[in-house]
Every structure is written in C-alpha cells, then in structure tokens.
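# Topology and contacts: notes
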Amino acid sequence: MNQLNSHISLKSSLFTLAFLFVLTSYSQTNTVKIEGFAPDYVGKEISFNRIEDYYSNIELTIGKTTVKADSTFTAEFHLDQTQRIVVRSLNNRGWMYLEPGKKYDVFYPNKNPNDPEVKTGNQVEIKFFNIGPTDINYKILAFQRWTDEYMARYYDLKFKDPARFGDKLDTFKMYVENAYKGDSSIFFLNFVKFSMAQLDEISFTGTRNRFEKYDFYIKPSAVYYENDAYMNYIKKYYADYIPRLSNEANNEVYLGVVKSSPTAIMKALGSDYALKNLRLREMVMIQALSEVYYSDDFPQTNINTILDSLSKKCLFRENEIIAKNVYSRLTELVQGGKAPDFVLFKDNKVSKTYMDYKGKHLYIHFYDPKSPNNQKELVLLKEMHKKYINDLHFLTIAIDNGDLKESEYAEIQSIQWDVFVMPSTDEFISKFRITNYPSYVLIDAQGYIVGAPALAPTPNAQYQTIDQTFYYIHKARQAELDKR
C-alpha cells in the first residue's frame, strides 16, 4: 500500500512539474519585449494599448513603462496573438504591430520631422532598429510602400482609360499573390488579402459587384477581430446596410427593433445573401444598429435596450465585447446623452457623487499641474469662477502620477472650488474619455451632457470661449429666479 501511495505521489509530482514546465514555456513564448529610446519623454510614462474592438476603438492598456534618465525604456507583457497596438505618451500616439514572443528595438519621437507640434498631441511614426524581413512590421510596411508606389504610377488611368486601369490592378494582384504565397503568417496573409479587397472598392469598368466581392473575400474567411485590415474592410462593406436590404427584410428589422428583439433582427438579416454567417451577422447587426441610432426612423430607446442585452448575451463572446463598447460610445459623452454616474474619494472615503452636483450646471476641469499651458488656463478659470460662482458648480480633477513638485501642489491647493487629485489611469478619467489636458466637460442641471469636450476659458480656432455659454446659463437662472 505504501509503495502504491509512493507511486501515485511520484506520478502526481511529475505531472505537476510537467504542467509547470508547459505553463512557463507558454508564458515565455507569448511574452513581448520592447526596448526603446525616447529622449523627449524622460521620466514620462509610455503605455502600450491593444484595440479592444475596431467599432468603438476603445483601448485597453496591456503594458506600461517609464522612460529612464538615459532616455531608454523597457517593457514586457503577455500577448496572445499578432495585432496592431497603440503606443501613447503625454498626448502623442503611434502604432506598431506585435507578434507573441518577439523582441522589438524602437525609437519613439516627439513628432514627425516635417509636422508642426500640435497642442492636443501628435501622431508619430515609430522607428524600428534591427528589424528583419520576417518581422510583421517590416512585411506590412514593405507591402504598403509597394502598393502606394504601384497605385501612384497608374491611378490616373482610372479616369483616362478605366479598362486599362482594371488590367493594371489585376496584374498587381497577381504580383502580390505570387510574392506572398509562401508566407506562413495568417495575420499577414489576411492583412494583404483585405488590403487588396479595399483596392477592389475603387469603382472602374469591370469591377466586381457586391455579391462577387462577398464570395471572393468574405465568404471563405473566418472573422478576424484582431486584424485591422479585415475589420476595416468589413465595416466598409456593411456600412449603411439596413437601407440596402430588401423592402421586406428592412421592414422586419424595423419590427424587430420596435419589439426590442435581437432574435427577430437576426432572423430578418439572415434573409440577405451576404449575412449567412451567424458570427458575422451578429457583428453586422451591432454595426447597423449603431448607424441608425441617431436617425428619426428607429426608436433610440429600443436600440439602447437591444445593445444592452447583447452586451450581456450574444451568440459569440467577441460580439458581446463589441456590443458593450458600442453601447458605451453611443450613450456616454454625446450631447444630450446622460452623463456617466461617478463617485469621488478623499482619504479612501466617499467625498462626492454625481448627485451632489444636481440642480446646477457642472463644469469639470481636467488639469495637469506640470503643464505651463494648463497653468495659464487655470488663471482664467479662477476669474470665471468668481464671476459665475452662483450659477454653476466647478470641479477640477488634477493629475498626479507621483511626480508633482511642492509648487505644483501649492497651485492645486489655491483652487477655491472642489478639487480631487488622482492618477491619469483613474476610472473617473477613463469614464469621461480624457486623453489630453486641459480638457473640459459641461453637464446640465439634470445630469445630461452639454459638451464633451466643452469649450475652454481660452479661445478656440473660431475665437469661442466657454464664457458666452456661462453667460447664457447665468441669464437663464436669473430669469427663473425673477419668476419666483
């Protein structure tokens, strides 16, 4: 009996060791390492964000790092599959493609050489070092350069000689197919396929009709949620799809919305030849509902109910994420939409909630104490607060990522209205979709969005400031008081 127990114990130990070995190997295989050089961001945080879905473009941070004094940075994080990510620091953003288990050496600039510096942040081009021809970034950049050069050479034929342009495009497709037929990357092959599909959207004599494109590109393919070229093509192909349905199917979709029934809408869409794939149909249903959300033909409240239901229960888990994010985009921070509920803490205790600001307009000021531009606007905001103190609630959210100086804290303490200090990663800031500072949000007395972003104390390009809006609020309140 003791021998049997020892044998079982040994087998159990060996199994545990084998499992841990496999788990460790898997983790290492899927770890991405990025080493870089960012001289304009010393002491600043760089975040690496995956795009959760290509309909809402909501980003999820999968890795962070801080640039060292010598301008270098290193980040390591887990990645399940090849995808495009967004790299952010300060107000700037760039993008790159990542493959699980790969290492990247990059340079992250403050701006591109010929671009002016933009106050709200620059789109920057990340530079790669020691990049080989098998790397996904190398292959995509080389393919895009080839496409751009070829199309630039022959695009004028589209107007002068459409038939010849079609021949040139077909020839290019053959070149591309031959060039990449031996490639083993499913992500890259689909990126190429659906980039070529985008070229097929160029109208010219002899182009494929809509259903031929579906048969050639979409029907044989799986749904590639993480592939930006695939998703961009799908969004374009199925754009404004409800008006393109048959009259009968269109009416059935409408009745499904009136009933707040995703099942009825799915059944109606299923009559269309290009929507036989259930996974794709469910995804297109979410896109279609978001497109008619602001039309006068469909009841908005019912669409809210449907999307809320889909965010909790779809046929496919990935579509639940899309429904949740699209619903969030449609219902939050749109003019006339309900402002998100919130709770604000001080010393780990609830200090204020959204209910404390009901009854008056609320002007939320998102403030970076380290920015000279932010400090200039704060001076103007203090003057406006004195002027409209009886007409509005003012609320400042000051950003502190652990690097504020005493003088910057002193500036925060000089503010005479509600101030809460929090890191830029706080849930409150993400609720209001804040990526640039200063930013402003104006909410009315009943809790509905007036502006997000709202006008600032300083003039915009049209020389408008928030002062005029505050004046109208003041006049309305005075008229209401006079009636009493």
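Calculation criteria
Residues numbered from 1 in each chain as written. Predicted model: local features only at pLDDT ≥ 70, side-chain atom pairs only at ≥ 80, totals over all residues. Heavy atoms only, no water. Helix = DSSP H or I, 4+ residues; strand = E, 2+ residues; numbered from the N terminus. Buried < 20%, exposed > 50% of the residue type's maximum accessible area, 1.4 Å probe, protein only. Contact = heavy atoms within 4.5 Å. Lys, Arg positive; Asp, Glu negative; His and termini not counted. Charge placed at Lys NZ, Arg CZ, Asp CG, Glu CD. Phe/Tyr/Trp six-rings, centres within 6.5 Å; stacked < 30°, edge-to-face > 60°. Lys NZ or Arg CZ within 6 Å of the ring centre and 35° of its normal. Axes fitted to C-alpha atoms, helices over the stretch in contact; angles between N-to-C directions. Left-handed = near helix turned anticlockwise from the far one by under 90°. Nonpolar A, V, L, I, M, F, W, Y, C, P; charged D, E, K, R; others polar.

### Some details on the overall build of the protein
Across its full length, the protein holds 16 helices and 15 strands. Along the first, second and third principal axes, the C-alpha set of the protein runs to 75 × 70 × 65 Å. Evaluated residue by residue, the protein yields a buried proportion of 44% over its 484 residues. Taking contacts inside the protein between residues at least 6 apart in sequence as the whole, the part at least 24 apart equals 64%. Distance between charge centroids for the protein: 1 Å, based on 59 positive and 60 negative side chains.

### Quick notes on the packing of aromatic side chains
According to the stated counting rule, one finds 41 aromatic pairs in the structure shown. Through a chain of ring-to-ring contacts, three or more aromatic side chains come together here, namely Trp95, Tyr97, Phe143, Trp146, Tyr150, Tyr154, Phe172, Tyr180, Phe187, Phe188 and Phe191. The ring centre of Phe211 lies 4.3 Å from the NZ or CZ of Arg210, which sits over that ring. One Lys or Arg, Lys346, reaches over the ring of Phe420 and ends 4.7 Å from the middle of that ring.

### Examining the packing of helix α5 (residues 186–199) against helix α7 (residues 228–237)
Taken N-terminus to C-terminus, the directions of α5 and α7 make an angle of 30 degrees; their axes are 7 Å apart at the nearest point. Here the hand of the crossing between α5 and α7 comes out left-handed. Between α5 and α7, the contacting residues are Phe187, Phe191, Phe194, Ser195, Ala197 and Gln198 on the first element and Asp228, Ala229, Tyr230, Asn232, Tyr233 and Lys236 on the second. Per-class residue counts for the contact of α5 with α7 are seven nonpolar, three polar and two charged.

Purely geometric numbers; function is a separate question.
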